[in-house]
Amino acid sequence: MNENSEYILETRNLNLYYGNFLAVADVNIKIRRHQITAIIGPSGCGKSTLLRAFNRMNELVPTARTEGEILFNNENIYDPSIDPVEVRRRIGMVFQKPNPFPKSIYENIAWGLRINGFRGSKSELDDLVEKALRDAALWDEVKDKLDQSGLSLSGGQQQRLCIARTIAVRPEVILMDEPASALDPIATLRIEELMQELKKNYTIIIVTHNMQQAARVSDYTAMMMLRNHEDRSGTVIEFDRTEVIFTNPRDKRTQDYVTGRFG
Amino acid sequence: MTNRRILEQKTVLVIIFLFALVSVFTTFGIIGVLLQETILFFEQVSIVEFLTGTRWTPLFASKKFGVLPLVNGTVLVAAGAMVVALPLGLLAAIYMSEYASTRARSVLKPFLEILAGIPTVVYGYFALLFVTPILKSIFPQTQAFNALSASIVMGFMILPTVASVSEDALSAVPRSLREAAYALGATKAEVATQVVVPAALSGIAAAFILAISRAIGETMIVAIAAGQQPKMTLNPLESIETMTAYIVQVSLGDTPHQSIAYQTIFAVGMLLFLMTLVMNIISYFFTKRFREVYE
Ligand SMILES: Nc1ncnc2c1ncn2[C@@H]1O[C@H](COP(=O)(O)OP(=O)(O)OP(=O)(O)O)[C@@H](O)[C@H]1O
Ligand SMILES: [Mg+2]
């Protein structure tokens, strides 16, 4: 296992099903370490399904089934010997709608640390909570009201709290499913700036509907599309550096989509 | 054509409204009668004596009207029932909402509904003829009528209420919260006990209070199995009498209808009504708070 290789995640012949429906077919991509990879594509093409395969969240859907492999630091996370709980600890996730726990701001972060085996003193915990909030660019706004409910924050603050909660447990990868789609432009900008900061320590995969956002924030872009209209299975049709995808794509469908000519 | 349809709709509305009115009037009628008789009773017995006295002997020559022994019996049995129903009901709810496969749930749910559908008189005889002998073999001092067997069986009777109302509360916790917890590397048990249950707490509290109120009002089991001896005791192996059982005893007995002894049942009934009313109101507010958080 080489923790320093260029690629942190790699999918091999990945097929994702809901029951008999093949939602995402035959994906083979390699995700680079400490880079931001965007997944774009029209609604229903399987972006969220693919993203949720990376930390085995799909398994929470009873009908979901996975074929193929996802290598995380060269280890197949779908190997029967691997505990999905461990996978999710190392590959965190931020969701489309901010979903803080109905606990205090402090507890929102402390809880994840505790379930992941934190056994230190109160002051050590305080420090970790503060660090996570600082890293998520939220500390100054909440430092005087850590005991208030996480639900009392604004949408953008809630989303940064969710990011803080995720990075507090020090995952290696952060998956983000349209993390800014429920936020106003200013809050969105803050999240995007934050992503650039986080990139230094984390690998980020982000699903976004917003072409400009993908272009602004990501280093690599995976373009997803339905393979054909009979089976309605989505797949990655092109994967390259973001500027290539946006300025000089190989696939005509990518070109049409990124220039807004996609019907 | 349209006129006729409008007329039809109006008629239906009026009829439905009248039915709604019937239930409102019935409620007020019952409260009215209860209140009237209760006032008559308190013209002869001091309300302080009633609420603080520790001897209850209205059916004897030397009459004492302290209702506390009946309250004691009621609370003793209800508390015992809750000790059975709360943990089991909550565990069943957690199992059904967080662990059970769709198939397991489709088996368990009807089973709970059957449990809820058994007539309480059957529970009563079950307590008297089945549970009490078992208790006797364990604790020889157990009396033929006792609070404990009624408690245990009543606990099973209200278990479905606790389980199904709590399960509603647990299932109403948004999926997104569970996902948030799983995404942090939480195990199923951690998600269930540390995220879902706390998030559903006010709904679960509502279930508990509703269950307490059912336990307090439950009549048949205690009338059959718990005895007719109003007593200030905390020993569940003894024969006691609950408020409901007392009302049954007097209603079915030969106490003359105009006597003060007979009027006691309205005062006791009023107190019972107030106790369950308060419980239901508290439960209502918990449920409402819960809705406000998630809807
Ligand atoms: N839980 C589920 N059960 C069954 N089918 C599902 C489930 N979730 C998604 N699907 C189906 O899988 C396909 C891909 O869905 P997915 O949510 O991954 O798309 P998406 O690209 O994220 O779309 P959007 O941009 O609208 O979020 C769709 O056809 C969808 O209907
Ligand atoms: Mg999606």
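Residues numbered from 1 in each chain as written. Chains lettered and ligands numbered in written order. Predicted model: local features only at pLDDT ≥ 70, side-chain atom pairs only at ≥ 80, totals over all residues. Heavy atoms only, no water.

Student: Whenever I open this one, the overall build of chain B confuses me. Can you help?
Tutor: From N to C terminus, chain B includes 12 helices and zero strands. When the helices and strands of chain B are placed in sequence order, the string is α-α-α-α-α-α-α-α-α-α-α-α. Overall size of chain B, expressed as C-alpha extent along the three principal axes, is 70 × 70 × 35 Å. With 295 residues in all, chain B has 44% of them scored as buried. Taken as a whole, chain B presents about 15,300 Å² of accessible surface, with 70% of it coming from carbon and sulfur. Charge separation in chain B, taken as the distance between the mean sites of 18 positive and 16 negative side-chain charges, equals 5 Å. (Helix = DSSP H or I, 4+ residues; strand = E, 2+ residues; numbered from the N terminus. Buried < 20%, exposed > 50% of the residue type's maximum accessible area, 1.4 Å probe, protein only. Areas by Shrake-Rupley, 256 points an atom, 1.4 Å probe, with all protein chains shown as cover. Lys, Arg positive; Asp, Glu negative; His and termini not counted. Charge placed at Lys NZ, Arg CZ, Asp CG, Glu CD.)

Student: Help me out: how do you make sense of the site of ligand 1 in this one?
Tutor: Residue and element names in this part refer to chain A. Taken together, 13 residues surround ligand 1, and among them Ser-43, Gly-44, Lys-47, Ser-48 and Thr-49 come closest. Contacts to ligand 1 include Gly-46, whose backbone N or O atom sits 3.0 Å from an oxygen atom. The contact in question runs from an oxygen atom of ligand 1 to an N or O atom on the side chain of Ser-48, over 2.7 Å. Here ligand 1 has 630 Å² of accessible area as a free molecule, and 63% of this is covered by the chains. Those elements that place two or more of their residues in the shell around ligand 1 are strand S2 (21–27) and helix H1 (47–53). The element contributing the most residues to the shell around ligand 1 is H1, with three residues. (Near = heavy atom within 4 Å. Polar contact = N/O pair within 3.5 Å; in protein donor to acceptor, adjacent residues only side chain to side chain.)

Student: Is there a simple way to explain a nonpolar patch on the surface in this structure?
Tutor: Residues and elements named next belong to chain B. Taken together, the side chains of Val-121, Val-122, Tyr-125, Leu-129 and Met-220 define a hydrophobic patch exposed on the protein surface, amounting to about 440 Å² of accessible area. It is helix H5 (residues 120–138) that provides the largest number of residues to the nonpolar patch, a total of four residues. Mapped onto the elements of the fold, Tyr-125 is located in helix H5. Taking the relative accessible area as the measure of exposure, Tyr-125 reaches 44% and is therefore partly exposed. (Patch = residues over 30% accessible without salt bridge, like charges linked within 9 Å, V, L, I, M, F, W, Y side chains within 5 Å. Salt bridge = Lys/Arg side-chain N within 4 Å of Asp/Glu carboxyl O.)

Student: Can you walk me through the domain arrangement of chain B in this structure?
Tutor: How big an interface is tends to be stated in terms of the accessible area lost upon association of its parts. Residue and element names in this part refer to chain B. Segmentation of chain B into domains returns domain 1 (3–44) and domain 2 (68–294). Look at where the C-alpha atoms of domain 1 and domain 2 centre, and you get two points 29 Å apart. With nine residues of domain 1 at the interface, the matching set in domain 2 holds eight residues. Taken as a group, Leu-34, Glu-37 and Phe-41 account for 56% of the area that domain 1 buries against domain 2, more than any other trio of residues on that side. Its residues assigned to classes, the side of domain 1 that touches domain 2 comprises six nonpolar, two polar and one charged. (Domains from an automatic or database assignment. Contact = heavy atoms within 4.5 Å. Buried area = accessible area lost by both parts, 1.4 Å probe. Nonpolar A, V, L, I, M, F, W, Y, C, P; charged D, E, K, R; others polar.)

Student: Would you mind going over the interface of chain A and chain B with me for this structure?
Tutor: Taken together, the contact between chain A and chain B spans 23 residues of the former and 17 residues of the latter. Between chain A and chain B, roughly 1,600 Å² of surface is buried when both sides are summed, and carbon and sulfur atoms account for 67% of that area. For the pair chain A and chain B, the interface holds one salt bridge. Note that B:Glu179 and A:Arg52 form a salt bridge whose closest N and O atoms lie 2.8 Å from each other.

Student: Please clarify how the confidence of the model for chain B should be interpreted in this entry.
Tutor: Should pLDDT be low for a region, the predicted coordinates there are not to be read in detail. Per-residue confidence for chain B gives a mean pLDDT of 92, with 98% of residues at or over 70. This prediction of the complex comes with two scores: 0.84 for pTM and 0.92 for ipTM. (pLDDT = per-residue confidence, 0-100.)

Student: Which parts of the structure should I look at to understand the environment of B:Leu159?
Tutor: Residues and elements named next belong to chain B. Inspection of the secondary structure puts Leu-159 in helix H6 (residues 147–171). Separated by 23 residues in the primary sequence, Leu-159 and Lys-136 place their C-alpha atoms 24 Å from one another. Sequence-distant contacts of Leu-159, that is, excluding residues within four places in its chain, are made with Ala-85, Leu-88, Gly-89 and Leu-112.

Student: Looking at this structure, I do not really get unusual backbone geometry. What am I missing?
Tutor: Keep in mind that most residues, glycine aside, have a negative phi and that most peptide bonds are trans. Residues and elements named next belong to chain A. One non-glycine residue with positive phi stands out, namely Arg-56, at about 55°. When you line up the elements, Arg-56 lands in the loop between H1 and strand S5 (64–72). Residue class for Arg-56 comes out buried when judged on its relative accessible area of 10%. For Arg-232, which is not a glycine, the phi torsion comes out positive at approximately 55°. The topology assignment puts Arg-232 in the loop between strand S10 (220–226) and strand S11 (234–241).

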